[in-house]
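# Examination of the molecular architecture
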Amino acid sequence: MTTTGSKIAIIGAGVFGLSTALHLKKQGYKDVTVFDYQPYDQNAYNPSEGCDSASADVNKIYRCSYGDEIEYQDLALSGRPIWLEWNEQLRSTPADQLPKGLTPEDDLFIPCGFLRMSNGTELSDYDKECLVQLEKAGLRDYNHVLSNKEDLERLWELEKKQPSHWREKVYALNHLQEGRLDGFIDTSAGVTLADKSCAWARHLCEKAGVKFVLGPEKGRFDELLVEGERESRKAVGLKTMDGLEHKADVVIAACGGWTPGVVPEASQLLETTAGSVCTITLPKDRQDLWDKFSPEQFPVWAYGLTGHNSPEYGGFYGFPRTKEGKIKIGYRGRKWTNYQTHPKTGQRISTPKTKYTTDKAVNLPKKAITYIKEVVGEVFPELKGIGITDTRMCWYTDSIDNSFVIDYVPGYSDSLFVCSGGSGHGFKFLPVLGKHVVNALEKKTDQFTPLWHWRSRVPGEHANGLEEGEMSGRNLASLEMAEEEDWQWVKKGEIKVGGDVEDITKGVNGVAIKA
Ligand SMILES: Cc1cc2nc3c(=O)[nH]c(=O)nc-3n(C[C@H](O)[C@H](O)[C@H](O)COP(=O)(O)OP(=O)(O)OC[C@H]3O[C@@H](n4cnc5c(N)ncnc54)[C@H](O)[C@@H]3O)c2cc1C
Ligand SMILES: *[C@@H]1O[C@H](CO)[C@@H](O)[C@H](O)[C@H]1NC(C)=O
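How each quantity is defined
Residues numbered from 1 in each chain as written. Chains lettered and ligands numbered in written order. Predicted model: local features only at pLDDT ≥ 70, side-chain atom pairs only at ≥ 80, totals over all residues. Heavy atoms only, no water. UniProt positions renumbered as here; feature names shortened; annotations may be inferred. Helix = DSSP H or I, 4+ residues; strand = E, 2+ residues; numbered from the N terminus. Buried < 20%, exposed > 50% of the residue type's maximum accessible area, 1.4 Å probe, protein only. Contact = heavy atoms within 4.5 Å. Lys, Arg positive; Asp, Glu negative; His and termini not counted. Charge placed at Lys NZ, Arg CZ, Asp CG, Glu CD. Expected span 1.5 Å × (residues − 1). Pairing = 2+ DSSP bridges. Axes fitted to C-alpha atoms, helices over the stretch in contact; angles between N-to-C directions. Near = heavy atom within 4 Å. Polar contact = N/O pair within 3.5 Å; in protein donor to acceptor, adjacent residues only side chain to side chain. Areas by Shrake-Rupley, 256 points an atom, 1.4 Å probe, with all protein chains shown as cover. Nonpolar A, V, L, I, M, F, W, Y, C, P; charged D, E, K, R; others polar. Disulfide = S-S within 2.5 Å. Salt bridge = Lys/Arg side-chain N within 4 Å of Asp/Glu carboxyl O.

Looking at an unreviewed UniProt entry, one finds the protein named FAD dependent oxidoreductase domain-containing protein, with Kwoniella newhampshirensis as its source organism. Listed in UniProt under the heading Sequence similarities (unreviewed entry), the comment for the protein reads: "Belongs to the MSOX/MTOX family." Under Cofactor (unreviewed entry), UniProt gives the following word-for-word description of the protein: "FAD".

Structure (structure tokens):
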């Protein structure tokens, strides 16, 4: 039985590990240690400073719209007041008492609204279902369908009371398919500043007495310490890369995309896949674009994101610019895999490959760039002259059914626990996830824990792509990769007269010189 007296070791200080640690402390657990090879105390989860976990990113979407998955809708909703409270707490903390990476001027959650565009003149079935469920939860008033006059009137009234640029936000994607598309904007949704939120949650953990063992050697999991055999087999701690052994009653693996590598048993229900992300950094002298894409005037958006199983061309989303002028745009119509031989078990499993891993990812598959350029070119022609300025493969941990995996691993007498399977939607739950992880650890059933049980895939049945293995056509080894010159809409040296490029680069007499 796991109780407040149990010694808990958590591997991984991303959203799943942090939220678990925080809530264990809230429930009175005395001995909680988090291990991570990232020196988050120094790099503050900043993706430009060596961080490559899913949680260490500039921003993520916060939404309550979840189709008929009302558990996740409820869970997201339960976290919203805490996100707002964290904003307040951060604002009222003196700068010298904040960890690296945070200032009192930072926001963790900005409710700038979330515009979901359907691919058609009608809302998708998924979007319709979202509205049905949001209405049941009493949240319909926050949502405004573009083709619904009453809905829009309600929004314009709101704007009269409090100037808020909803008109610009509603029509932010109006260039798509010449404005024929329907969609809806959720004014309660918005953007979470991911790296800053993790730095804040880690700060709260430290204040609550969570111990952190961080660093490339001393914080890196090497081996599980196991005693006994068969029925009496038990995890009794972990060994880190520096050779030290750390005893624990329960070891929790919260390693995101690295989880199947750390707990081989998890590889039958988790597949590590990469989402494609591009950044367009706005030039300092384009105040017009800095204004247009600011979270005050521009929403989080998605296009052709029908449920979780988008077709290959689809599943686009983007964010308002950050304080640094970065506009992040993502594509998840297809997610990539990187099958490798596990050095210890010899198993073939998909493993993260990033800017910072030994085997480096320097670009995205060419099709991802092509699709992103097509959509961005259509919807924001003013960005074409700038071009893509950076790319990133960001690693999901997809479960066989897109629900989290938060349970004991069978065969270890309740001493080894997995807390993962974020499946591309775990970030928003940072403030509240851990509460239910503690319930799962203590085997107390709540609304969520049954969804997260350890499960096995049924041979022959669809398992979210995992069943396809390395022959799925998504394996990076079989894909053509983009070159940096593919990041531009117009090739270097190419002269274009008129058209889209003209109004961006503003060459002499309307002749663009170079984009
Ligand atoms: C492209 C993309 C877009 C997303 N968009 C959204 C969104 O808009 N909204 C949303 O809510 N969610 C979103 N998500 C999902 C969300 O980011 C994840 O669900 C969440 O961040 C996962 O957190 P985690 O703690 O499980 O994993 P991670 O954040 O990957 O953290 C795992 C940690 O484990 C550490 N680790 C790994 N191996 C070891 C080892 N051997 N020893 C020690 N430490 C180790 C890593 O350094 C890392 O810190 C997105 C995910 C991706 C990839
Ligand atoms: C929109 O739908 C059309 C027709 O089904 C399809 O060809 C296209 O790829 C879709 N686009 C997106 C962005 O989903």
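Another aspect to go through is the overall build of the protein. The helix and strand inventory of the protein stands at 12 helices and 24 strands. Dimensions along the principal axes, computed over C-alpha positions, put the protein at roughly 80 × 55 × 50 Å. When each of the 515 residues of the protein is scored for burial, the buried share is 60%. In the protein, once contacts between residues fewer than 6 apart in sequence are set aside, the share between residues at least 24 apart is 72%. Computed over 63 positive and 74 negative side-chain charges, the inter-centroid distance for the protein is 2 Å.

Further remarks concern helix α10 (residues 366–379). Here α10 is 14 residues long and its end C-alpha atoms lie 20 Å apart, about the 20 Å a rise of 1.5 Å per residue gives. The complete set of buried residues in α10 reads Ala368, Ile369, Tyr371, Ile372, Lys373, Val375, Val376, Gly377 and Val379. Elements in contact with the buried residues of α10: β14 (270–281), β15 (300–303), β16 (316–318), β17 (326–336) and β20 (390–399).

One open sheet holds the 3 strands; their spatial order is β3-β8-β4, and the pairing between them is antiparallel. Strand pairing shows two members of the sheet lacking a second neighbour, β3 (59–62) and β4 (109–110), which therefore form its edges. Bridge analysis of β4 against strand β8 (residues 190–193) gives 2 bridges, and the strand direction is antiparallel. When the sheet's bridge partners are listed, Ile110 is paired in β8 with Val191. Running at roughly 55° to β8, helix α7 (residues 194–208) makes contact with β3 and β8 of the sheet.

Neighbouring ligand 2 are Asn119, Tyr303, Tyr313 and Gly314. A distance of 2.2 Å separates an oxygen atom of ligand 2 from a polar atom in the side chain of Asn119. Here an oxygen atom of ligand 2 and a backbone polar atom of Tyr313 are 3.3 Å apart. In isolation ligand 2 has 360 Å² of accessible area, and contact with the protein removes 51% of it. A class-by-class count of the residues in the shell around ligand 2 yields 2 nonpolar, 2 polar and no charged.

Overall, the coordinates contain 0 disulfides when judged by the stated rule. Note on Cys255: no disulfide assigned, nearest cysteine sulfur contributed by Cys419 at a separation of 10 Å. The exposure class of Cys255 is buried, given its relative accessible area of 11%.

Turning our eyes to something else, we now look at the pattern of salt bridges. Overall, the coordinates contain 35 salt bridges when judged by the stated rule. Here Glu480 ties to Lys366 by a salt bridge, and the two come within 3.8 Å at their closest N and O atoms. Remark: Lys366 occurs in helix α10 and Glu480 occurs in the loop between α11 (433–441) and β23 (496–497); sequence separation between them is 114 residues. A relative accessible area of 54% means that Glu480 is categorised as exposed. A relative accessible area of 30% means that Lys366 is categorised as partly exposed. Each of Asp57, Lys60, Lys328 and Arg392 takes part in one network of salt bridges that share partners.

Our next topic: the site of ligand 1. Around ligand 1 sit 32 residues in total, of which Asp36, Tyr40, Ser55, Ile61 and Lys428 are the nearest. Between ligand 1 and Phe221 there is a distance of 2.9 Å, counted from a nitrogen atom to a backbone nitrogen or oxygen. Within the backbone of His425, an N or O atom sits 3.3 Å from an oxygen atom of ligand 1. With the chains in place, 96% of the 1000 Å² that ligand 1 exposes on its own is no longer accessible. Taken together, the elements giving at least two residues each to the shell around ligand 1 come down to α1 (15–26), β2 (31–36), β3 and β20. In terms of residue count, β20 provides more of the shell around ligand 1 than any other element does, 3 residues in total.

Its place among the elements puts Glu484 in the loop between α11 and β23. A relative accessible area of 55% places Glu484 in the exposed class. With 120 residues separating them along the chain, Glu484 and Leu364 place their C-alpha atoms 9.7 Å apart.

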